[in-house]
Amino acid sequence: MQLVTTKPGIIVAEQDRELAETSRREIQRRLPDFADCYVELGSGSGMHLIKLAQRYPSALCIGFEIRFKRAFKTGEKAELLGLKNVMIIRTDARQINHLFTAGQVSGFFVNYPDPWDKRRWLKNRLLNPELLQTMRELLRVGGFLRYKTDHQEYFASTCKLLSEEQWRTVKHTTDLLRSPYAENNIPTEFEMLFKSQQKPLCLIETMRT
Ligand SMILES: C[S@@+](CC[C@H](N)C(=O)[O-])C[C@H]1O[C@@H](n2cnc3c(N)ncnc32)[C@H](O)[C@@H]1O
């Protein structure tokens, strides 16, 4: 908790995963000052979240990151750059349904989530039908989910889930860095690593209809 108190206004930490009230209050207090709200689930050390906040100063950019050190690093970067539109919620991203109301989110970003690719671990995947449904409910009409991964099977199964629900695909590639979407792409820490390993990267952007 000591680390948290050094970043008031940037990092909100939940001691109890089930108790999201502090985060909810803080998000709802700040949201009215912004035109948009972008939410990144599993924001890591914040490379993407920080660049997103710089690119869209009128958006409140909220990162959910379960690991304290990574959440703290993100907070440090935001503080150093004097960014006033960044919030880090150090809690389980699956809490989002308690923190936002329907239509409050303009865009969700899920970048290189842990693949949990052993059969018995599949249930741990962040992008499961329940969370996709929650995201859909929280998005405003025309809001989007942008998902990037190096994991071909996770990508294919998520695209299949999205095609079965009420989403409209607006971007799709299995080779992001050689696609037209590379130009405006904001990289992440893990993406830099996968790029150096010359792995093909997948992107889907899908819109709430
Ligand atoms: C593979 S890393 C990718 C980090 C970052 N998005 C990137 O692309 O560099 C996945 C991140 O998601 C975080 N994470 C995993 N499950 C989470 C959850 N349920 N809630 C919040 N963060 C989570 C992990 O701690 C880790 O930082």
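Residues numbered from 1 in each chain as written. Predicted model: local features only at pLDDT ≥ 70, side-chain atom pairs only at ≥ 80, totals over all residues.

1. Some thoughts on unusual backbone geometry
A positive phi angle, close to 50°, is found at Tyr112, a residue other than glycine. Tracing the backbone through its elements, the reader meets Tyr112 in the loop between strand S5 (105-111) and helix H6 (129-138). C-beta crowding within 10 Å serves as the criterion here: with 22 such atoms nearby, Tyr112 is assigned to the buried category. Phi is positive for Gln198, close to 55°, though the residue is something other than glycine. Structurally, Gln198 can be placed in the loop between helix H8 (189-196) and strand S8 (202-208). What makes Gln198 exposed here is the crowd of 7 C-beta atoms within 10 Å. (Helix = DSSP H or I, 4+ residues; strand = E, 2+ residues; numbered from the N terminus. Buried ≥ 20, exposed ≤ 12 C-beta atoms within 10 Å, placed from the backbone.)

2. Comments concerning the site of the ligand
Close to the ligand lie 20 residues; Gly42, Gly44, Ala93, Thr188 and Phe190 are nearest. Examining the composition of the shell around the ligand, we find that three residues originate from one element, H8, more than from any other. Looking at side-chain class alone, the shell around the ligand contains seven nonpolar, five polar and eight charged residues. (Near = placed C-beta within 6 Å. Nonpolar A, V, L, I, M, F, W, Y, C, P; charged D, E, K, R; others polar.)

3. Thoughts on the nonpolar core
Counting 52 residues, the largest nonpolar core has Cys61, Ile62, Val86, Met87 and Phe108 as its most contacted members. The greatest single-element share of this core, amounting to five residues, is contributed by helix H3 (residues 47-55). Setting aside residues up to four positions removed in sequence, Val86 forms contacts with Ile10, Leu49, Ile50, Ala53, Cys61 and Ala78. (Core = buried A, V, L, I, M, F, W, Y, C linked by C-beta atoms within 7 Å. Contact = placed C-beta atoms within 7 Å.)

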